[in-house]
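Remarks on the overall topology
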Amino acid sequence: MFETLQPLPQDPILQLMQTFREDNRPDKVDLGIGVYKDDAGNTPIMAAVHEAERRLLEGETTKSYVGPAGSTGFNSAMAELILGSNSPLVRDGRVSVIQTPGGCGALRMAAEFLRLCKADTKVWVSTPTWANHLPLLGGAGLTIREYPYLNPETLQVDFGAMLETLERADAGDVVLLHGCCHNPSGADLSLAQWQEVTSLIQRKGLLPFVDMAYQGLGEGLDADAAGLRHLASAVPEMLIAGSCSKNFGLYRERTGALALVSETATVNAAATSQLLSVIRSHYSMPPAHGASIVETILGDDDLRAQWQQELNGMCERILHLRHAFAGALSSFGDFEFIARQRGMFSFLGISPEQVGRLRKEHGIYMLESSRVNVAGLNDHVLPQVASALREVLG
Ligand code: PMP
């Protein structure tokens, strides 16, 4: 059976990481990989996470099974984090939150669930979108359609084109929206634009699905969720994929959540039972450790405050770097959009040849699409990156 299989080419991002590791220039700069980095270029364990782990190690009494929905304490803490405290959806029993193996687990289980609801479900994704959305959603059998999102000339949201295309979607189609910190572009919808999209979704009977992978890294925990919360307050049904990979730095612990919003509590109970059965047939139940960490942090006033402070520090560092980067490039081009965008990523809008020259001649690494991870910069390397870019742009 296996002899017929051909090896696949290496993933371009992993390939880039390998080339970076093998590059022995001391002043090389990694703007490629999509994880948060501190000033020293590390992706540290947050102090609040360390402390929660210490408490867990001391207090844990069993490793017995938890169940397909994961921890109820984690799930209600995530409902509050994403939907806000005192959400009427929670009060009215219209939402269930299920612990998943990362945001990826939430995306895939939502896709499997959607296919169960309707075998020929179409899902509209932004152009561009996070590359993994395509296999995660398409792999479950959903038909992928694209709506224009980023204008490649201005590197800003082409909102008119987005609405015009979504007008052509059919009732029951799913619209995938990035909750904040759009990956890969950093270009987010304003609250007014969220309101317009909400109206369109309501009028056309579309099903919104929000991928919330970076809450707290754009402008703050509540500000980043404002669009999503407006949408959730207005529509009868909705799906939300949450992730604790970035805002708790729990990447490898595979910690995420899937929220299922229904029109009534009765519908929600039935739909949730179906979702849990889908989960049971895939991975049975999620891993516990990361979710226990999050539950411990969010359930303790001091730890929660400490975590928020650390997260705010990360968010502010990114915002500072965005402004400093745009400023450093301003003498030879209009890169003001970098300061206006949010989260870790932006496209520089340069050609693959220029990206290649930055790598070969200057040891500066980014994706071929010119997507950079702003968190990979620091005040020390900024002038070096700016002068390399000036040279390459000629
Ligand atoms: N959605 C988007 C847009 C992402 O960028 C990521 C992480 N790169 C995820 C979801 C899911 O991440 P994880 O499965 O690690 O939580």
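This report concerns the structure included in the present document. (Residues numbered from 1 in each chain as written. Predicted model: local features only at pLDDT ≥ 70, side-chain atom pairs only at ≥ 80, totals over all residues.)

**Comments concerning the pairing of strand S2 (residues 95–100)**
- Burial of S2 is extensive: six of the six residues sit out of reach of the surface.
- Sheet topology note: the S2/strand S10 (residues 256–261) ladder contains six bridges and is antiparallel. Within S10, the position partnered with Gln99 by the bridge is Ala257. (Buried ≥ 20, exposed ≤ 12 C-beta atoms within 10 Å, placed from the backbone. Helix = DSSP H or I, 4+ residues; strand = E, 2+ residues; numbered from the N terminus. Pairing = 2+ DSSP bridges.)

**Notes on the pairing of strand S7 (residues 174–178)**
- Burial analysis of S7 places five of its five residues in the buried class, the great majority of the element.
- Because side chains alternate across S7, one face comprises the buried residues Val174, Leu176 and His178, and the other comprises Val175 and Leu177, equally buried.
- Pairing analysis gives five bridges linking S7 to strand S8 (residues 207–212), with the strands arranged parallel. Each residue of the ladder has a partner; that of Val175, found in S8, is Pro208.
- Since S7 and S8 lie parallel, the crossover through helix H8 (residues 191–204) that links them has a hand, and here it is right-handed. (Right-handed = clockwise from strand over helix to strand, strands pointing away.)

**Here's the deal with the packing of helix H15 (residues 352–362) against helix H16 (residues 382–393)**
- One can describe the packing of H15 onto H16 by two numbers: an axis separation of 10 Å at closest approach and a directional angle of 125 degrees. It follows from the interaxial angle that H15 and H16 lie oblique. Where H15 crosses over H16, the two elements pack in a sense that is right-handed. Between H15 and H16, the contacting residues are Gln354, Arg357, Leu358 and His362 on the first element and Ala388, Val392 and Leu393 on the second.
- Across the contact of H15 with H16, the residue classes break down as four nonpolar, two polar and one charged. (Axes fitted to C-alpha atoms, helices over the stretch in contact; angles between N-to-C directions. Parallel < 35°, antiparallel > 145°, perpendicular 65-115°, else oblique. Left-handed = near helix turned anticlockwise from the far one by under 90°. Contact = placed C-beta atoms within 7 Å. Nonpolar A, V, L, I, M, F, W, Y, C, P; charged D, E, K, R; others polar.)

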